[in-house]
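Summary of structural features
Listed here are the chains, written in short residue letters.
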Amino acid sequence: AVYDVLRQEGGVSSPSDIKGFLTNRANYVIGQIPVASFEITTNSGEPFVHSKPSVRIEGTAPVNAMRFELNGEPFEPDWPDQGDCTVWRASVWLEPGVNDLVLTAYDSGDHILATDSISVTHVQDPSGDSDGDGLTNLEETQTYKTDPNNPDTDGDLVTDYEEVIIAQTDPLDAGSTPHRVVRMDRLSDGRVSISWQSFPGRYYQVAFSEDALNWLSASDAILAAKDTTTWLDSGPPSTKISPADSSVRWRFYRVTLLHWDFSP
C-alpha cells in the first residue's frame, strides 16, 4: 500500500500526495495512543486515612509527560501495564499526621503539563486515642483537624474534646476559648464586675493591668460552679487600688483557665 501511494505510473507521486499520506499515517499512529489526563486516581482523588507508614498511590498521565516531581522532589513511578503507557503507580512514605502529596508532570521542554494532589493522613490506630483527650485519632485527623498526639492542639489550656464536644469552640484557635469574658460592668460604687464562660469543676484566675503590658494576679484559683462565673474587683487586697479611685484612669482584665486541679 505504501509503495502504491508513493509511486505513480511513469513517475513519483506529487509532494502533496506524499504529504497527505504521511499526515494520514501520523494521525493513525497518534490515534492508537491512549488519551489520558494527569490525575491521581487512588481513592478517587479524595483524602483518606492510612494506618501504615507507606502507601501506594496510582494515577494516569499523558504520554508526553517526561518527568515528575512529588512535593518538589524527583519522583519516578512504575508503569505496570505494558498495554497502556498512561497508567502509573508508586509507593510513598508518610509522616505521622496529614500528608499533602502534590504531584507535578513536565513535558520534554521541562514545562509544567499539570499538577494534582491528594491528602493522606497517617494514623497508626484510627480507633485509638493517642493523646487521651476523649477523641479518637480518626475524629481528630479527619473531622476536627486537630493533633491526635496533643490533647490541646491550640494551647489554650482547654482540651480538644472540651472545645468541640462541650463548649463548641474552635480547637485550632487559641483565641476561641470557653472562658471568654461575656460581661463587664462598673457598679454604682465604682467596683467592677466581670463574668466569663466557664466549665463547672475547672479553676480560673483573673489578672489585671494598668497598661495591658504588665499583668498581676488579682485572684486566687476560682472554682467554677456553673457555666458562667463572676468575679468582683473591690480593690485591695485583690488589686492595689480600688477601681473607684480617681487615680485609676483605666484598668484591663483577663481570665485564664488554670491547667492544674486545686482540689484537696
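Predicted, not measured: the structure shown is a model, and the values here were computed from it.

1. Considerations on the pairing of strand β9 (residues 97–106)
The element β9 is extensively covered by neighbouring structure, given that seven of its ten residues are classed as buried. Direction of pairing for strand β6 (residues 67–70) relative to β9: antiparallel, over a ladder of four bridges. From the neighbouring strand, Glu69 faces β9, where its bridge partner is Thr104. Strand direction decides the pairing type here: β9 and strand β10 (residues 112–122), joined by ten bridges, are antiparallel. Considered in β10, the bridge of Val98 is made with Thr121.

2. Side note on the side chain of Glu140
With respect to the helices and strands, the residue Glu140 is situated in helix α3 (residues 137–144). Here Glu140 occupies a buried position and makes no salt bridge, while the nearest side chain of opposite charge, Lys145, is found at 12 Å. Dropping the residues within four chain positions of it, Glu140 is found in contact with Asp129, Asp131, Asp133, Leu135, Lys145, Thr146, Asp147, Pro148, Asn150 and Asp160.

3. Things to note about unusual backbone geometry
For the bond running from Pro236 to Pro237, omega is 5°, close enough to zero to count as cis. Following the sequence through the fold, Pro237 ends up in the loop between β16 (228–233) and β17 (252–257). In this structure, Asn43 takes a positive phi of about 55° despite not being glycine.

4. Thoughts on the nonpolar core
Among the nonpolar cores identified, the biggest contains 19 residues, and Phe68, Phe75, Trp88, Val92, Leu101 and Leu103 are the most heavily contacted of them. Where this core is concerned, the elements lending two or more residues are β5 (54–60), β6, β8 (87–93), β9 and β10. If sequence neighbours within four positions are ignored, Phe68 has contacts with Phe38, Ala61, Glu73, Pro74, Phe75, Pro77, Trp79, Leu103, Thr104 and Ala105. Residues Trp196, Tyr204, Ile222 and Trp231 belong to the second largest nonpolar core, which totals 15 residues.

5. Remarks on the sheet that holds β9
Pairing between sheet strands relies on hydrogen bonds along the backbone, with the strands arranged either parallel or antiparallel. Strand order in the open sheet made by the five strands is β4-β10-β9-β6-β7, with mixed pairing throughout. Among the strands making up the open sheet, the edge pair consists of β4 (48–50) and β7 (73–75). Between one strand and the next, the sheet's axes are offset by a mean angle of 35°, whatever the strand orientation.

6. So, the environment of Leu157
Inspection of the secondary structure puts Leu157 in the loop between α3 and α4 (160–167). On a C-alpha basis, the gap between Leu157 and Thr177 in space is 9.0 Å, while along the polypeptide they are 20 residues apart.

7. Describing the pattern of salt bridges
With the rule as written, the count across this model stands at eight salt bridges. With a shortest N-O distance of 2.8 Å, Asp189 and Arg191 are connected by a salt bridge. Look at Asp189 and you get partly exposed, because its relative accessible area is 41%. A residue is classified by how much of its surface remains accessible, and Arg191, at 29% relative accessible area, is partly exposed. Glu210 serves as the salt-bridge partner of Arg251, at 3.0 Å between the closest nitrogen and oxygen. Here Arg251, found in the loop between β16 and β17, pairs with Glu210, found in the loop between β13 (203–209) and β14 (216–217); they are 41 residues apart in sequence, far enough to count as distant. For Arg251, a relative accessible area of 12% puts it in the buried group. We classify Glu210 as partly exposed; its relative accessible area is 36%. Look at the salt bridges and you will find they share partners, linking Arg67, Glu69 and Asp110 into a network.

Calculation rules
- Residues numbered from 1 in each chain as written.
- Predicted model: local features only at pLDDT ≥ 70, side-chain atom pairs only at ≥ 80, totals over all residues.
- Heavy atoms only, no water.
- Buried < 20%, exposed > 50% of the residue type's maximum accessible area, 1.4 Å probe, protein only.
- Helix = DSSP H or I, 4+ residues; strand = E, 2+ residues; numbered from the N terminus.
- Pairing = 2+ DSSP bridges.
- Lys, Arg positive; Asp, Glu negative; His and termini not counted.
- Salt bridge = Lys/Arg side-chain N within 4 Å of Asp/Glu carboxyl O.
- Contact = heavy atoms within 4.5 Å.
- Core = buried A, V, L, I, M, F, W, Y, C linked by side-chain atoms within 4.5 Å.
- Axes fitted to C-alpha atoms, helices over the stretch in contact; angles between N-to-C directions.

These values are about where atoms sit, not about what they do.
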